[in-house]
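Understanding the architecture of this molecule
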Amino acid sequence: MNKYTNHIIFFLILILVASCTIKAPQSPEWETEINVPLMNDSYFMRDLADSTEDYIISMQSDTVYFSASNDIETSNVGDELKVDGQTEIFEE
């Protein structure tokens, strides 16, 4: 039994040593994005709030209101609208 134990231990050490490798050191690589501000300006909503024909932007107190209105085309259903009758009876 001792003979087999020594062989197994030797085999495990051989696998462990054979599987370990030391690779040559490499310098690290990474990608980075750098943002450089070109201006230091502040924009206030009261300066940006304006109105056009399509929409209205207004400010009251500290609240900004946006309003848009459009005319909706009128459609007539006429005789094309049909609903099938439905009857349900409930009993106690």
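Here's the deal with the overall build of the chain
- On a plain count of helices and strands, the chain comes out with two helices and two strands.
- For the chain, the α and β elements follow one another from N to C terminus as α-α-β-β.
- Across the 92 residues that make up the chain, the buried fraction comes to 0%.
- Roughly 10,700 Å² of accessible area belongs to the chain as shown, and the carbon and sulfur atoms make up 54% of that amount.

Details of the pairing of strand β1 (residues 55-60)
- Here β1 runs beside strand β2 (residues 63-68); their pairing, made up of six bridges, is antiparallel. Bridge pairing links Ile56 to Ser67 in β2.
- Count of turn residues in the β1/β2 antiparallel hairpin: two residues, of which Ser61 carries a positive phi of about 60°.

Quick notes on the confidence of the model for the chain
- On average, residues of the chain carry a pLDDT of 79, and 87% of them reach 70 or more.
- Here helix α2 (residues 45-48) stands out as the least confident element of the chain, with mean pLDDT 66; β2 is the most confident, with 80.

Definitions and cut-offs
- Residues numbered from 1 in each chain as written.
- Predicted model: local features only at pLDDT ≥ 70, side-chain atom pairs only at ≥ 80, totals over all residues.
- Heavy atoms only, no water.
- Helix = DSSP H or I, 4+ residues; strand = E, 2+ residues; numbered from the N terminus.
- Buried < 20%, exposed > 50% of the residue type's maximum accessible area, 1.4 Å probe, protein only.
- Areas by Shrake-Rupley, 256 points an atom, 1.4 Å probe, with all protein chains shown as cover.
- Pairing = 2+ DSSP bridges.
- pLDDT = per-residue confidence, 0-100.

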